[in-house]
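# Structural description and commentary
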Amino acid sequence: MKVWESARRALPIFGSVVLLSLAFPPANVSLLVLVALAPWFASLRDTDARGSKKSGYLFGFLYFLFQMFWLVPFVSHWTGSIALAVVPWVVAAAAAGFYYMLAGWLVYRCWQRKALWAIPLVWSGVEAFRSYIIGLAFPWGLVAFPLWRYPAVVQHAAFGTIFFVSATVVFINVLVACVIWPKEGMLTQRAGFQSGIFLLILLMYSLLRYNSTNAGPDKKVYTVGQTGVDVAFGNPKDVERNLQTAVDTLMGAASLNKSSVLILPEGVAMASVSVPPEGPVHPVDGLAVVFGGNRVEGDDTFQTAYAYDGTWKWADKTRLVIFGEYVPLRDTLPFLQDFDLPSGDLTPAKKLKTLEVDGVKTGTLLCFEGLFPDLAERHCRNGAQVLAVMSIDDWYQGTPAPEQLSGSSVWRSIESGLPVLRSASLGTSLVTDCRGRVPIMAPVGKTVPLRVEVSVPAKSDAFDYRFGFVWLCWLSIAWVYFERYFGRIGPRKD
């Protein structure tokens, strides 16, 4: 009987994990996010505090086993050991379990107080917390992510970032749980009506913004260059030769199609102690160029976005990939010495810089940085008019990871109201307009010059304080947690 009872309790967890995973790459049944969490949420309503924590941990562990499986081929290429590569995969899933343990307990408390409105806020608060926790920040697998394919209905991200859309997704899941698994007093007719009006207002706002424009009166011709060269795992001599050929081809195409600026991927420039950096990029008159590489300064190595428009300038990367660009506790835990990173441990920049390239303020985001809404927001505060994402997705080819990286560029476009120019070595390279539409995308693995005419806006038209929504979510978590001491957030059960 105990085994059967345990299986019965676990079934909603497994069901939600499967449904939510199917919404993400590679299955991409995106709209499943609107119902995926409902079975698990309904089960949290009928458990106790201890059970909600266990349920949350199991959900998070299983969900991130799926989300982070790309770490296995990624790390095994560096360590030469599948067994060693499994370590960060399992550790990542085990660590994620604690975030969802907190989320499960918070959702349970909201159910118990019949404070349905608080569930979306505490959920998004936990998502934001794990996205920005110092040293382990990793905004991956956010429940709103699959909706990047439907920019017309998620424009309210411009008012509260992707985390506001996550809250909307969770709110819909809560309503679905109440309808399919009803429980007396949880969702009154009046509350249901008000919820429907709220969702309708969000939808109307999104559609109106989607069909408006932030385009400026002047157009600038850009070329987004995809080299088609495997920088991560190709033979070094072949990579150097093929990069030179690809860059020459792309610069020639950009000049012929009368582009003002060429965007090239990360990893084009070699590690250099001087400017201009060493590598295949040799600027020509009349063509500005933006590309990524490594910059050495003393004992520190930075990943850097370089730009040339008659004058050399650069901006160093501020957010690094754990186990990809640096290994925490390497000097403390001896076995971590085996994680031999190709460039060694990199150093994050202390300050985010927005570059002016050919008269346009350009916010550069290097690969992993494209996952963070706050970096795009800070570029907007610096006056950015376009965002340029430079990436090496070669490390993760054959896994679902590249699609989450490229899809994140669409979210940054929606949030900021700016065009995004994304260049990746093997792909996916793409361009968005100021509302997240993707008019042009390069096929993976090919050398492709994407020519696009961009109506450069004067500035971002998104809400200046959109990251304030995250603070509202964190305050909601504090409210729910301390409610036992400072008063009720909703009517208690009789």
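Predicted model, so just to flag it, every value in this text is computed and none were measured. (Residues numbered from 1 in each chain as written. Predicted model: local features only at pLDDT ≥ 70, side-chain atom pairs only at ≥ 80, totals over all residues. Heavy atoms only, no water.)

Right, let's get into the overall build of the protein chain. Regarding its fold elements, the protein chain presents 12 helices and 13 strands. Taking 23 Å as the expected radius of gyration for a compact globule of 494 residues, we find that the protein chain reaches 23 Å, a close match to that expectation. Viewed in the frame of its principal axes, the protein chain has a C-alpha envelope of about 75 × 55 × 40 Å. Here the protein chain, with 494 residues, has 56% of them falling under the buried criterion. (Helix = DSSP H or I, 4+ residues; strand = E, 2+ residues; numbered from the N terminus. Rg over C-alpha atoms; globule rule 2.2 N^0.38 Å. Buried < 20%, exposed > 50% of the residue type's maximum accessible area, 1.4 Å probe, protein only.)

Below, the discussion takes up the packing of helix α2 (residues 38-45) against helix α5 (residues 82-112). Interhelical geometry of α2 versus α5 gives an angle of 60° and a closest axis separation of 8 Å. Considered as vectors, α2 and α5 are oriented oblique to each other. Crossing of α2 over α5 shows right-handed handedness. From α2, Trp-40, Phe-41, Leu-44 and Arg-45 reach across to α5, where they touch Tyr-100, Gly-104, Val-107, Tyr-108, Trp-111 and Gln-112. Taken together, the residues of the contact of α2 with α5 break down into 7 nonpolar, 2 polar and 1 charged. (Axes fitted to C-alpha atoms, helices over the stretch in contact; angles between N-to-C directions. Parallel < 35°, antiparallel > 145°, perpendicular 65-115°, else oblique. Left-handed = near helix turned anticlockwise from the far one by under 90°. Contact = heavy atoms within 4.5 Å. Nonpolar A, V, L, I, M, F, W, Y, C, P; charged D, E, K, R; others polar.)

Moving on: helix α4 (residues 71-79). The element α4 is largely enclosed, with a buried count of 7 among its 9 residues. Where α4 is concerned, the buried positions are Leu-71, Val-72, Phe-74, Val-75, Ser-76, Trp-78 and Thr-79. The inward-facing, buried residues of α4 contact α5. Gly-80, located one to two residues past α4, shows a positive phi value of around 75°.

Turning our eyes to something else, we now look at the nonpolar core. By size, the foremost hydrophobic cluster in this structure holds 97 residues, and its most contacted members are Phe-41, Phe-59, Trp-111, Trp-123 and Trp-411. Counting residues in each nonpolar core, the second largest holds 24 residues, with Val-290, Leu-355, Val-357 and Ala-388 among its members. (Core = buried A, V, L, I, M, F, W, Y, C linked by side-chain atoms within 4.5 Å.)

Right, let's talk about helix α8 (residues 189-210) for a bit. Compared with the 32 Å implied by 1.5 Å per residue over 22 residues, the 32 Å span of α8 between its first and last C-alpha is a close match. Buried residues belonging to α8 abut α7 (157-180) and α11 (401-416). (Expected span 1.5 Å × (residues − 1).)

Looking now at the side chain of Gln-385. Secondary-structure assignment places Gln-385 in the loop between α10 (373-381) and β9 (386-391). When sequence neighbours within four positions are dropped, the list of residues in contact with Gln-385 reads Gly-359, Val-360, Lys-361, Leu-418, Pro-419, Val-456, Pro-457 and Ala-458.

Bringing the pattern of salt bridges into the picture now. One pass over the full model with this rule turns up 16 salt bridges. Here Asp-461 makes a salt bridge to Arg-209, at a shortest N to O gap of 3.1 Å. Remark: Arg-209 occurs in helix α8 and Asp-461 occurs in the loop between β13 (448-455) and α12 (468-486); sequence separation between them is 252 residues. What makes Asp-461 partly exposed here is its relative accessible area of 31%. Since its relative accessible area comes to 7%, Arg-209 is described here as buried. Ionic contacts of the salt-bridge type, sharing partners, join the residues Arg-45, Asp-46 and Lys-183 into one network. (Salt bridge = Lys/Arg side-chain N within 4 Å of Asp/Glu carboxyl O.)

What follows is about a nonpolar patch on the surface. Side chains of Leu-31, Tyr-150, Val-153, Phe-193, Ile-197, Leu-200, Ile-201, Leu-203, Met-204 and Leu-207 sit close together on the surface and give an oily, nonpolar patch of about 900 Å² of accessible area. Within the secondary structure, Met-204 sits in helix α8. (Patch = residues over 30% accessible without salt bridge, like charges linked within 9 Å, V, L, I, M, F, W, Y side chains within 5 Å. Areas by Shrake-Rupley, 256 points an atom, 1.4 Å probe, with all protein chains shown as cover.)

This next bit is on the pairing of strand β10 (residues 420-424). In terms of burial, β10 is largely enclosed, as 5 of its 5 residues are buried. With burial as the criterion, each face of β10 is covered, one bearing Val-420, Arg-422 and Ala-424 and the other bearing Leu-421 and Ser-423. Of the strand pairs in this sheet, β9 and β10 are connected by 5 bridges, and their pairing is parallel. Residue pairing for β10: Ala-388 is matched across the bridge by Leu-421. At this point the chain moves from β9, through α11, to the parallel β10, and the crossover so formed is right-handed. Inspection of the sheet shows β10 paired to strand β11 (residues 430-432) by 3 bridges, in the antiparallel sense. The partner of Arg-422 across the bridge, within β11, is Leu-430. (Pairing = 2+ DSSP bridges. Right-handed = clockwise from strand over helix to strand, strands pointing away.)

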